[in-house]
Amino acid sequence: MIWVLAIAIGAMVAAGVYLVLGRDLLRVVIGVSLIGAAANLSFFVAGRVGTMIPPVVPLGETLLAPDAANPLPQALVLTAIVIGMALTFFSLVLVLAISQETGNNDIEKLREAEPPPAANGQPVLEDATISEQPDPRALEEGR
Amino acid sequence: MSENIWVAAPALVPLGIALLTGLLSGQPRWQAAVSLAGAFALLASTLVLLAYAEAGIILRMSFGDWEAPFGIEFAADRLGASMAAIAALMGLAALLFQLSDADAASVSPTLHPLVHLLLAGVGGAFMTADLFNLYVWFELMLISALGLLAYGARPRHLDATLKYFVLSTLGTLFMLVSIASVYGATGHLNFSALEQVGLQDEAGRLTPFIVALVLAFLIKAGAFPVFAWLPAAYHTLPAPLLALFAALLTKVGVYAVLRVLGDVFSTTPAIVYEVLGWVAVATMITGVLGAAYHWDMRRILAFHIISQIGYMLLGIGLASQQGYVGSIFMIIHNIVVKTNLFLIAAIAYRLTGSYDLRRCGGLYKVRPWLGVLFLVPALSLVGIPPLSGFWAKFILVTESVVQGQFVWAAAALLTGFLTLYSMMKIWLEAFWKKHPDSHWTLPDKTRLAPAYAVTITLAVLTVVIGIALEPLLQFTQHAVGQMMEAPP
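The shown structure was predicted, so the numbers you read here are calculated from the model rather than taken from an experiment.

Caption draft 1: Seen up close, the overall build of chain A. Looking only at helices and strands, chain A features four helices and zero strands. Scored against the burial criterion, the 143 residues of chain A give a buried share of 26%. Relative to all contacts within chain A whose residues are 6 or more apart in sequence, the contacts with residues 24 or more apart total 51%.

Caption draft 2: The arrangement of the overall build of chain B in detail. In terms of regular secondary structure, chain B is built from 19 helices and two strands. Radius of gyration (C-alpha) of chain B: 21 Å, near the 23 Å computed for a compact globule of 488 residues. Taking all 488 residues of chain B together, the buried fraction comes to 63%. Within chain B, counting contacts between residues at least 6 apart in sequence, those at least 24 apart form 79% of the total.

Caption draft 3: Here's a closer look at the interface of chain B and chain A. Contacts between the two partners involve 39 residues from chain B, matched on the other side by 34 residues from chain A. Secondary structure elements with two or more residues in the side of chain B that touches chain A: α5 (131-149), α6 (155-186) and α9 (229-233) of chain B. Considering each element in turn, the side of chain B that touches chain A owes the most residues, 19 residues, to α6(B). Among the residues forming the side of chain B that touches chain A, the class breakdown is 23 nonpolar, eight polar and eight charged.

Caption draft 4: Layout of the packing of helix α16 (residues 388-402) of chain B against helix α17 (residues 406-432) of chain B. Residues and elements named next belong to chain B. Closest axis-to-axis distance for the α16/α17 pair is 7 Å, and the angle between their directions is 155 degrees. Classed by the angle they form, the pair α16 and α17 counts as roughly antiparallel. Handedness of the crossing formed by α16 with α17: left-handed. Packed against α16, whose contacting residues are Lys 393, Leu 396, Val 397, Ser 400 and Val 401, the element α17 presents Phe 406, Trp 408, Ala 409, Ala 412, Leu 413 and Gly 416 at the interface. Split by residue class, the contact of α16 with α17 holds eight nonpolar, two polar and one charged.

Caption draft 5: Region of interest: helix α18 (residues 449-467) of chain B. Residues and elements named next belong to chain B. Between its first and last C-alpha atoms α18 spans 27 Å; for 19 residues at 1.5 Å apiece the expected length is 27 Å, and the two agree. Within α18, the full set of buried residues consists of Ala 451, Val 454, Thr 455, Leu 458, Ala 459, Leu 461, Thr 462, Ile 465 and Gly 466. Considered in projection along α18, the buried side chains sweep an arc of 150 degrees and stay on one side of the axis. Residues of α18 that are exposed and point over 90 degrees away from its buried face: Ala 449, Val 460 and Ile 467. On its buried face, α18 is in contact with α3 (78-97), α13 (321-352), α15 (368-382), α16 and α19 (469-484).

Caption draft 6: Summary view of the environment of B:Leu318. Along the chain, B:Leu318 falls in helix α12 (residues 297-318). Each C-alpha atom of the pair B:Leu318 and B:Trp427 lies 34 Å from the other, and the pair is 109 residues apart in sequence.

Caption draft 7: Layout of unusual backbone geometry. All names here are of chain B. Cis geometry marks the peptide bond from Phe 224 to Pro 225; its omega dihedral reads -5 degrees. Pro 386 follows Pro 385 through a cis peptide bond whose omega is 5 degrees. For Pro 386, the location among the structural elements is in the loop between α15 and α16. The residue Ala 319 is not glycine, and still its phi comes out positive at about 55 degrees.

Caption draft 8: A look at the pairing of strand β2 (residues 73-76) of chain B. All names here are of chain B. In β2, alternate side chains face the same way, and those of Glu 73 and Ala 75 on one face and Phe 74 and Ala 76 on the other are all buried. In terms of strand pairing, strand β1 (residues 59-62) meets β2 through four bridges, oriented antiparallel. Bridge assignment links Leu 59 to a residue of β2, and that residue is Ala 76.

Caption draft 9: Structural detail: helix α2 (residues 25-46) of chain A. Helix length check: α2(A), at 22 residues, gives a terminal C-alpha distance of 32 Å against a target of 32 Å (1.5 Å per residue), a fit within 8%. Most of α2(A) sits inside the fold, with 18 of its 22 residues counted as buried.

Caption draft 10: The nonpolar core, seen in detail. Residue and element names in this part refer to chain B. Among the nonpolar cores identified, the biggest contains 228 residues, and Met 141, Val 257 and Leu 313 are the most heavily contacted of them. Per-element tally for this core: the top contributor is α13, with 20 residues. Ignoring any residue separated from it by four or fewer positions in sequence, one finds Leu 313 in contact with Ala 223, Val 254, Val 257, Leu 276, Val 279, Ala 280 and Thr 283.

Caption draft 11: The arrangement of the confidence of the model for chain A in detail. The share of residues in chain A with pLDDT of 70 or more is 88%, and the mean pLDDT across the chain is 83. Low pLDDT (under 50) marks residues 129-143 of chain A, which in the prediction has 10 contacts with non-local residues, meaning those over four places away or in another chain.

Caption draft 12: Region of the structure containing the confidence of the model for chain B. All names here are of chain B. Taken as a whole, chain B shows an average pLDDT of 92; of its residues, 99% reach a score of 70 or greater. Element-level pLDDT for chain B is lowest in β1, with a mean of 88, against a maximum mean of 96 in helix α4 (residues 111-127). Overall fold confidence (pTM) sits at 0.93, and the ipTM for the predicted complex is 0.87.

Caption draft 13: How the structure looks around the environment of B:Phe417. Mapped onto the secondary structure, B:Phe417 falls in helix α17. Along the chain, B:Phe417 and B:Ala33 lie 384 residues apart, while their C-alpha atoms are 43 Å from each other.

Caption draft 14: Summary view of the packing of α4(B) against helix α10 (residues 239-264) of chain B. All names here are of chain B. Their axes nearest at 10 Å, the elements α4 and α10 cross at an angle of 25 degrees. With respect to α10, the axis of α4 lies roughly parallel. Crossing handedness for the pair α4 and α10: left-handed. Contact residues: α4 offers Val 115, Val 122, Ala 125 and Phe 126, while α10 offers Leu 244, Leu 248, Val 252 and Tyr 255. Considering only residue class, the contact of α4 with α10 consists of eight nonpolar, no polar and no charged.

Caption draft 15: Representation of the environment of B:Asn133 in the model. Mapping B:Asn133 onto the fold places it in helix α5. Here B:Asn133 is in contact with B:Ile72 and B:Thr128, once residues within four sequence places are set aside.

Analysis parameters
- Residues numbered from 1 in each chain as written.
- Chains lettered and ligands numbered in written order.
- Predicted model: local features only at pLDDT ≥ 70, side-chain atom pairs only at ≥ 80, totals over all residues.
- Helix = DSSP H or I, 4+ residues; strand = E, 2+ residues; numbered from the N terminus.
- Buried ≥ 20, exposed ≤ 12 C-beta atoms within 10 Å, placed from the backbone.
- Contact = placed C-beta atoms within 7 Å.
- Rg over C-alpha atoms; globule rule 2.2 N^0.38 Å.
- Nonpolar A, V, L, I, M, F, W, Y, C, P; charged D, E, K, R; others polar.
- Axes fitted to C-alpha atoms, helices over the stretch in contact; angles between N-to-C directions.
- Parallel < 35°, antiparallel > 145°, perpendicular 65-115°, else oblique.
- Left-handed = near helix turned anticlockwise from the far one by under 90°.
- Expected span 1.5 Å × (residues − 1).
- Arc of directions from axis to C-beta.
- Pairing = 2+ DSSP bridges.
- Core = buried A, V, L, I, M, F, W, Y, C linked by C-beta atoms within 7 Å.
- pLDDT = per-residue confidence, 0-100.

Structural data, given as structure tokens:
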């Protein structure tokens, strides 16, 4: 049982990494949520898998049966799933906003926050608040 | 037992304020007032906590009375309490700075709730004594940071948010997997319980899981080579938020590394610390070289965050009492100084009209005292005596030499020298040279009084730490002593 889950986790991470490394925006965030699902599954496996005894203390006993399922990782995974769902929703809205604002789905062309350097190798001037003037330093040095 | 409730305050107060400000979203004036009052309340409650910690009392609380190691425990030792207090101070500084018009965040109903959620995440992370709970606080920080990053809603903000989202989320997922493997190997999540398991682990069976955990925290801390999310995103933020992010987010990652390697799993094999030391050296050098390339003040300072993270990690890599003292001292000093630098850069931006050094200048002629105000944190960051940064670096470099790690000491000194280059670049370009636009005049109407109040207070704090060094040094030594004690 644990080997099946291990292989499933590996396959999900591989698929997730493949998607994240792609250039399409939507694929990237789906890849992240796929890796998230794999992480959740691995937390689940960190408890005990394969047992069929429910984690319920029998009447008159004070402890669980020795082979009972471990309820703690299941509770923790629920927390992680909820957090992951919130992040997935956020990322989907983000992708939608980016493709509407920039009309661009290619992550390679998305350089709004980190514009490539100017032709002279210097960082470009990117203050949006100032009207576009030629760089005085560049003019002086004849670049 | 009732005083133990204070330990929940660093998380509960901001959560409550976030809720209140969320409910008040229709009344911006009330919302801002409640938000500011909440920041003061948070600072007051963390100072109470700090007073208990300073008296040597570790307040503990298990939620729902499920006793450790079964329940989720909060504990405030000296390290956690001091971090929570300084974080609360920075939250207050950012919210006060928001009252000025120096690159303040545009007012919208979600701003204050998100800031307080971020503070709750930070406070919870400093207080918790449970590994999975730590992950939850990191997630809270992540999601409120994402909200604040996307807040500007221009293409550059959205782009920054996407990069921050992908890289940071992969970091937290990695953290989740490594917490799962630590749990799978030990059956515990509570710090004290893990410490006891760690002491019995002589075969080093746990080491791979601990290394994975540390790596996940290093992604959050912005260490070499996994810091790409930081320079991709930070500079798009408005000044108060930028200062808040710079002050807190990466330092929580460093704190987590310190907690894991210095406290919980202090018996980790020496090779792990050695590798961490080299990672720290690479972080210092790459950070400071990245800063040297840039001309935008925000980008320069953002890269300096990375290089300063290197110093903090260096102290952890030294794996000695003195190293940890240097590391904690560095975190406290750096939070104050770095916040202040970003805020002063925002004032310079307000006066000259640009963050880009190629487009500003002439400030020294019209505002000489602003130049002095800038030099205090700038020289402290470089490590000029008697400012706070000098002592932090002095402890770290001395300890490196004592341990025979001469390359580490040399790298720390070289980084200080290159930091001086960046700071002098800002000084010469923004303050000393003439403004490139010959028609430039100071803007007419500015509302900078809150900005000056905040930056001057932080600068005074830097000087006071540097001159009246003894109390803080003793405090950090006691904090390290408490951290290195065997579990009860």
